[in-house]
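Each chain is listed here by its residues.
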Amino acid sequence: AVNNAAKYGNPTVISVRLDLNRSDIHLQVTDNGIGFDTSSEAAGNGLHNMRQRAAEIGGVLVIDSAPGAGTRVNLTVKA
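Calculation notes
- Residues numbered from 1 in each chain as written.
- Predicted model: local features only at pLDDT ≥ 70, side-chain atom pairs only at ≥ 80, totals over all residues.
- Heavy atoms only, no water.
- Patch = residues over 30% accessible without salt bridge, like charges linked within 9 Å, V, L, I, M, F, W, Y side chains within 5 Å.
- Areas by Shrake-Rupley, 256 points an atom, 1.4 Å probe, with all protein chains shown as cover.
- Salt bridge = Lys/Arg side-chain N within 4 Å of Asp/Glu carboxyl O.
- Helix = DSSP H or I, 4+ residues; strand = E, 2+ residues; numbered from the N terminus.
- Pairing = 2+ DSSP bridges.
- Axes fitted to C-alpha atoms, helices over the stretch in contact; angles between N-to-C directions.

Comments concerning a nonpolar patch on the surface
A cluster of nonpolar side chains, namely Val2, Ile14, Val16, Leu18, Leu20, Ile25 and Leu27, defines an oily patch on the protein surface of about 600 Å² accessible area. Looking at the nonpolar patch, the elements that each hand over two or more residues are strand 1 (14-20) and strand 2 (24-31). Tracing the backbone shows Val2 in helix 1 (residues 2-9).

A look at the sheet that holds strand 3 (residues 60-65)
Spatial ordering of the open sheet is given by 1-2-4-3, a layout of 4 strands whose pairing is antiparallel. Of all the strands in the sheet, the pair left with one neighbour each is strand 1 and strand 3. Neighbouring strand axes in the sheet, compared pairwise and without regard to direction, differ in orientation by 10° on average. In terms of strand pairing, strand 1 meets strand 2 through 7 bridges, oriented antiparallel. Within strand 2, the position partnered with Arg17 by the bridge is Gln28.

Function-wise, these values are silent; they only describe arrangement.
Set out below in structure tokens:
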């Protein structure tokens, strides 16, 4: 997510937050870049690969983005 933000998003700020509690690990990557339409074919292989990797470890991946609005990637995995 950080690599994609830096490579494609043209952000001035990328934030990474990692929280751990007794039951979950939560990772959030946000940026203030150009954003994108997550339903678009142009979203491409990177998003597909991220979703597949999350599923392989039993995680839930949510990607929230829109053109002009930056991107937020949330991953939650059982601890």
